[in-house]
Each structure stands twice: as structure tokens, then as C-alpha cells.
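Chains, contacts and geometry: an overview
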Amino acid sequence: MGKKKKRAPRREMPNAAPAMASYLASMQRDANDRGIKETLEAIDEISSLPLVEQLASIRTALVRLGTDVALNDADLTGDGDQKPVASVSDRDIARSIFSMGGDISGHMENSALSDFAFLCVLGNAAAVREKLRAAAPSPGAPPSSASSLRNLLESRETSM
């Protein structure tokens, strides 16, 4: 008779729990991705709407993301709602709204931007400098006289 072959040492089976957890997390990501995809498709459709409908749609999306739009409305020259967006999927949605230009293109097409904002968007540096010079308080003026310059620089122009 021949020699017996040595058996390979028995390998331990890895614990199945981490693999199952990973699989379930993957399934959850896939489900979230499908929801995100549908939302992103809806965002793409927003850009084809008339400006008034764009404003309403973007505002609705911002509210769903947890944005305090009342705070933003109450102080048009303030910082607005700056709290972090809660989840990765919500950040993706917010990023998509901003990457499509928010609603600035509609504002431009409908002449709904201030002259200053329009000049900034166009990149007309000379005209922007002139507007800034005109709004700047004179040297030695009290701080309250800087409100014109602050309003020029800090006013939000769109629903974003």
C-alpha cells in the first residue's frame, strides 16, 4: 500500500456575523442609492421649471433636508441656517442642488438678481469695484454708515 497523504490543517471558519452585517449594510446603501437617484432625477427636472416653480421646489427640498428657511427669510443679510446636513444621502442631495446652480440661472434669465449680483456673476470686475466704492462709507464715518456696503455684500439673492 502507498503512503497516506497528510491532511491540510483544518481552517477555522470565519464568523459569519461580520459578513452578514456587511451584506445588510450593502443592501441598505443600495436602497438609499435608489432613493437618492430618484431624488437627484427630480432635482434635474427642477432646472426646466419656470422660476416661481423652481423656487417652490428648491424651498421644499431644503425644508426636507432640515433647513430652517424661516430663519433664512428673517435675516436676508445674515448667515442663515448653517447647521450641518445630517446624513450622507442628504448631503448628496444638497450638493446636487448647489451643483446645478441652485436657482441662480433662473434668476439671471428672469432679471431677478440685483445689478451688483449680476455684475459679479458676469465677472465684470471694474463695475463691481465701482459699486463697492460707491457703497463704502467715507473715512471716519460711524460704523452705522457701513450698512449700505454690508447690504450690498451680504444680501442673499436667491432661495439658496
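Worth saying up front: this structure is predicted, and the values here are computed from it rather than measured.

A short note on helix α6 (residues 115–122)
Where α6 is concerned, the buried positions are Phe 116, Ala 117 and Leu 119. Projected down its long axis, α6 shows its buried positions confined to an angular sector of 160°, all on one face. For α6, the exposed residues set more than 90 degrees away from the buried face come down to Asp 115 and Leu 122. Close packing links the buried residues of α6 with α7 (125–135) and α8 (147–154). In the segment just after α6, Gly 123 is the residue with positive phi, at about 80°.

Digging into the nonpolar core
Residues Ile 46, Ile 58, Ala 61, Leu 62, Leu 65, Val 69, Ile 93, Ala 94 and Ile 97 constitute the largest nonpolar core, which totals nine residues. Breaking this core down by element, the ones donating at least two residues are α2 (51–64) and α4 (88–99).

A word on the side chain of Asp 81
Position of Asp 81 relative to the elements: it lies in the loop between α3 (69–74) and α4. Since its relative accessible area comes to 18%, Asp 81 is described here as buried. Of note is the side chain of Asp 81, whose polar atom sits 2.6 Å from the backbone nitrogen of Asp 68.

Some details on the pattern of salt bridges
Scanning the entire structure with this criterion turns up four salt bridges. The residue Asp 81 makes a salt bridge to Lys 83 at a minimum N-O spacing of 2.6 Å. We classify Lys 83 as partly exposed; its relative accessible area is 46%. Its salt-bridge partner being Glu 130, residue Arg 133 comes within 3.6 Å of it at the nearest N-O pair. Of this pair, Arg 133 and Glu 130 both sit in helix α7, three residues apart, which is roughly one turn of the helix. A relative accessible area of 54% means that Arg 133 is categorised as exposed. On the accessibility criterion, Glu 130 (45% relative accessible area) is partly exposed.

Let's talk about the side chain of Asn 72
Note that Asn 72 resides in helix α3. One polar contact links the side chain of Asn 72 to the main-chain amide nitrogen of Asp 81, over a distance of 2.6 Å. Ignoring anything within four residues of it in the chain, the contact list for Asn 72 reads Thr 67, Gly 80, Asp 81 and Arg 156.

Definitions and limits used
- Residues numbered from 1 in each chain as written.
- Predicted model: local features only at pLDDT ≥ 70, side-chain atom pairs only at ≥ 80, totals over all residues.
- Heavy atoms only, no water.
- Buried < 20%, exposed > 50% of the residue type's maximum accessible area, 1.4 Å probe, protein only.
- Helix = DSSP H or I, 4+ residues; strand = E, 2+ residues; numbered from the N terminus.
- Arc of directions from axis to C-beta.
- Contact = heavy atoms within 4.5 Å.
- Core = buried A, V, L, I, M, F, W, Y, C linked by side-chain atoms within 4.5 Å.
- Polar contact = N/O pair within 3.5 Å; in protein donor to acceptor, adjacent residues only side chain to side chain.
- Salt bridge = Lys/Arg side-chain N within 4 Å of Asp/Glu carboxyl O.

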